[in-house]
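# Results of the structural survey
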Amino acid sequence: QVQLVESGGGLVQAGGSLRLSCAASGSIFSINAMGWYRQAPGKQRELVAPITSGGSTNYADSVKGRFTISRDNAKNTVYLQMNSLKPEDTAVYYCNAADARLDYWGKGTLVTVSS
């Protein structure tokens, strides 16, 4: 089992920045990849940015050039640096981890971007 705890959400004005953190615990040795998803009100959950165990990253087109995903293996933590935030980035952001069999999810952290 893997436990994930997100932090760092909050209210920010458009153009501002936030950094989300996701601390992993439990059977972390089994994790193949981690990532950030988000779900806006009335919309489906979408993938924002994944990062593999080897450090390869990818980004949704809507956040390319503005968001950066990174990981600190010593701290078992994944980060999402979000710059130039827009009102359409408002959502609950979820941390995800995947091993060979299962997906694990955190409870989410709310990001609200005001115009």
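Scroll up to find the structure.
Okay, so let's go over this structure. (Residues numbered from 1 in each chain as written. Predicted model: local features only at pLDDT ≥ 70, side-chain atom pairs only at ≥ 80, totals over all residues. Heavy atoms only, no water.)

### Section: the side chain of Asp89
The following threshold applies: Secondary structure elements follow DSSP: runs of H or I of four or more residues count as helices, runs of E of two or more count as strands, with numbering from the N terminus. Three exposure classes are used, based on accessible area relative to the maximum for each residue type with a 1.4 Å probe and protein chains only: buried under 20%, partly exposed in between, and exposed over 50%. As used in this structure description, the phrase polar contact means that two N or O atoms lie within 3.5 Å; if the pair is within protein, one of them must be able to donate a hydrogen and the other to accept it, and residues adjacent in sequence are counted only when both atoms belong to side chains. Contact criterion: two residues are considered in contact whenever any of their non-hydrogen atoms come within 4.5 Å of each other.
Relative to the helices and strands, Asp89 resides in the loop between β7 (77–82) and β8 (91–98). With relative accessibility at 1%, the residue Asp89 sits in the buried group. Here the side chain of Asp89 touches Arg66 through a polar contact of 2.7 Å, side chain to side chain. Residue contacts for Asp89: discarding those within four places in its chain leaves Arg38, Arg66, Phe67, Ser84, Val111 and Val113.

### Side note on the side chain of Arg38
Position of Arg38 relative to the elements: it lies in strand β4 (residues 33–39). Since its relative accessible area comes to 6%, Arg38 is described here as buried. Side chain to side chain, Arg38 and Glu46 meet in a polar contact 2.6 Å long. A polar side-chain atom of Arg38 sits 3.3 Å from a polar atom in the side chain of Ser62. Setting aside residues up to four positions removed in sequence, Arg38 forms contacts with Gln44, Arg45, Glu46, Val48, Ser62, Val63, Phe67, Glu88, Asp89, Ala91, Val92 and Tyr93.

### Overview of the pattern of salt bridges
To be explicit about the condition: The term salt bridge refers to a pairing of a side-chain nitrogen on Lys or Arg with a carboxyl oxygen on Asp or Glu at a separation within 4 Å.
Counted by the stated rule, this structure contains 4 salt bridges. Notably, a salt bridge pairs Arg38 with Glu46, separated by 2.6 Å at the nearest N-O pair. Between Asp89 and Arg38 there is a salt bridge; the shortest N-O distance is 2.9 Å. Taken together, the residues Asp89 in the loop between β7 and β8 and Arg38 in strand β4 connect sequence positions 51 residues apart. One salt-bridge network, held together by shared partners, links Arg38, Glu46, Arg66 and Asp89.

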